[in-house]
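Working through the structure, step by step
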Amino acid sequence: MPRSSLVAARTRFQAALLAWYRDNARVLPWREAPSLYKTVVSEFMLQQTQVKTVLPYFSRWLEAFPDFAALAAAPESQVDRKSTRLNSSHTDISRMPSS
């Protein structure tokens, strides 16, 4: 297949995928005013369970720790209390890698 055909196919695929996303994307709190922090927290929580389970925990976590600075400044005991069982395994956000 000629390169120009591959580029055209890629462009059509990208356009179709973006159109599908615009029509089907769920409204999720980490997509509203996105930030690195919200993405990290949501990805960490979502490794453990489903979106519908994470949503209330995510909101409560952000109320307590709205950004990396607030999380870093919080006493470990408070972070531990806010860490939650989302599924059968424990999601311990207090053990997020530090930079």
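Residues numbered from 1 in each chain as written. Predicted model: local features only at pLDDT ≥ 70, side-chain atom pairs only at ≥ 80, totals over all residues. Heavy atoms only, no water.

Overview of a nonpolar patch on the surface
Under the convention used in this document: Each patch is built from salt-bridge-free residues with over 30% relative accessible area, joining like charges within 9 Å and nonpolar side chains (Val, Leu, Ile, Met, Phe, Trp, Tyr) within 5 Å. All accessible-area figures derive from a Shrake-Rupley calculation using a 1.4 Å probe, and residue coverage is judged against the displayed protein chains alone. Only one rule defines a salt bridge in this text: a Lys or Arg side-chain nitrogen within 4 Å of an Asp or Glu carboxyl oxygen. Strands here mean DSSP runs of E at least two residues long; helices mean DSSP runs of H or I at least four residues long; both are numbered from the N terminus.
On the surface, Phe13, Leu17, Trp20 and Tyr21 cluster together into a nonpolar patch covering about 470 Å² of accessible area. Relative to the assigned elements, phenylalanine 13 resides in helix 1 (residues 3–24).

Observations concerning the packing of helix 2 (residues 36–46) against helix 3 (residues 51–64)
To keep it simple, the criterion reads: Throughout, an axis means a line fitted to C-alpha atoms (over the contacting stretch in the case of helices), and angles, computed between N-to-C directions, take values from 0 to 180 degrees. Our angle categories are set so that under 35 degrees counts as roughly parallel, over 145 as roughly antiparallel, 65 to 115 as roughly perpendicular, and the remainder as oblique. For any helix crossing, the convention is left-handed if the near helix is rotated counterclockwise from the far helix by under a right angle, and right-handed if that rotation is clockwise. Should any heavy atoms of two residues lie within 4.5 Å, those residues are counted as being in contact. For this scheme, ten residues count as nonpolar: Ala, Val, Leu, Ile, Met, Phe, Trp, Tyr, Cys and Pro. Four count as charged, namely Asp, Glu, Lys and Arg, and the remainder, Gly too, count as polar.
Across the interface, helix 2 lies against helix 3 with an axial gap of 10 Å and an inter-helix angle of 135°. Taken as axis vectors, helix 2 and helix 3 run oblique relative to one another. By crossing handedness, the relation of helix 2 to helix 3 is classed as right-handed. Residues Tyr37, Lys38, Val41, Ser42, Met45 and Leu46 of helix 2 pack against Val51, Val54, Tyr57, Phe58, Trp61 and Leu62 of helix 3. Its residues assigned to classes, the contact of helix 2 with helix 3 comprises ten nonpolar, one polar and one charged.

Observations concerning the nonpolar core
The line we're drawing: What we call a nonpolar core is a set of buried Ala, Val, Leu, Ile, Met, Phe, Trp, Tyr and Cys residues that are connected through their side-chain atoms within 4.5 Å. Whether a residue is buried, partly exposed or exposed follows from its accessible area with a 1.4 Å probe, protein chains only, as a fraction of its type maximum: under 20%, in between, or over 50%, in that order.
Residues Tyr37, Phe58, Trp61 and Phe65 are the most contacted members of the largest nonpolar core, which totals 14 residues. Mapped onto this core, the elements with two or more residues apiece are helix 2 and helix 3. Top element by residues in this core is helix 3. It accounts for five residues. For tyrosine 37, the contacting residues outside a window of four places in its chain are Trp61, Leu62, Phe65, Pro66, Asp67, Phe68 and Leu71.

Topic: the packing of aromatic side chains
The cut-off we apply is this: By convention, a stacked pair of Phe, Tyr or Trp rings (six-membered ring in the case of Trp) has centres within 6.5 Å and planes under 30 degrees apart, an edge-to-face pair has planes over 60 apart, and any other such pair is tilted.
Evaluation of the coordinates by the stated rule reveals three aromatic pairs. Between tyrosine 37 and phenylalanine 68, the ring centres sit 4.7 Å apart and the planes meet at 80°, which makes this aromatic pair edge-to-face. Within this pair, whereas tyrosine 37 is found in helix 2, its partner phenylalanine 68 is found in helix 4 (residues 68–73), the two being separated by 31 residues in sequence. Note on phenylalanine 68: relative accessible area 38%, which makes it partly exposed.

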